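Each chain, letter by letter, is given below.
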Amino acid sequence: QVRLVESGGGLVQAGGSLRLSCAASGRTDSTYRMGWFRQAPGKEREFVASIRWTGDSTSYTDSVKGRFTISRDNAKNMVYLQMNSLKPEDTAVYYCAAQSRPGSAFGSWGQGTQVTVSS
């Protein structure tokens, strides 16, 4: 089991930037991929970005490509989501999640951090 704690959310004006952090602890040696998801009020949770725990493979949903960057620091067991050119539609609770093997569900989740983008 991997324990995840997000931080870095807040209120920002449109066009601004935020960096979310996710601290991982526990069985990080069994982690295959880390991801960021978000859930806006009244909407389903959606995938935002992911990164292999080892290697450089990343993936992004189309709406954030060119604006968001996912990265990791294995030495610190941290995953980051740098969010630039934020839009009001990026407003959501952002969750960090861990996947233990290819094709499996993301089984470990953090508590979430609120991001609010004002117009």
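What counts as what
- Residues numbered from 1 in each chain as written.
- Predicted model: local features only at pLDDT ≥ 70, side-chain atom pairs only at ≥ 80, totals over all residues.
- Heavy atoms only, no water.
- Helix = DSSP H or I, 4+ residues; strand = E, 2+ residues; numbered from the N terminus.
- Polar contact = N/O pair within 3.5 Å; in protein donor to acceptor, adjacent residues only side chain to side chain.
- Disulfide = S-S within 2.5 Å.
- Buried < 20%, exposed > 50% of the residue type's maximum accessible area, 1.4 Å probe, protein only.

1. Comments concerning the side chain of S108
Argument step 1. Tracing the backbone shows S108 in strand β10 (residues 106-109).
Argument step 2. A polar contact is formed between the side chain of S108 and the backbone oxygen of V2, at a distance of 3.4 Å.

2. Focus on the state of the cysteines
Every disulfide links exactly two cysteines, by a covalent bond between their sulfur atoms.
Argument step 1. As enumerated under the stated definition, the model contains 1 disulfide in all.
Argument step 2. Bridging C22 to C96, the disulfide has an S-S length of 2.1 Å. The chirality of the disulfide connecting C22 with C96 is left-handed, given an S-S dihedral of about -80°. Placement of the pair is C22 in strand β3 (residues 18-26) and C96 in strand β9 (residues 92-99), with a sequence separation of 74 residues. Comparing C22 with C96, the two get one shared label, buried.

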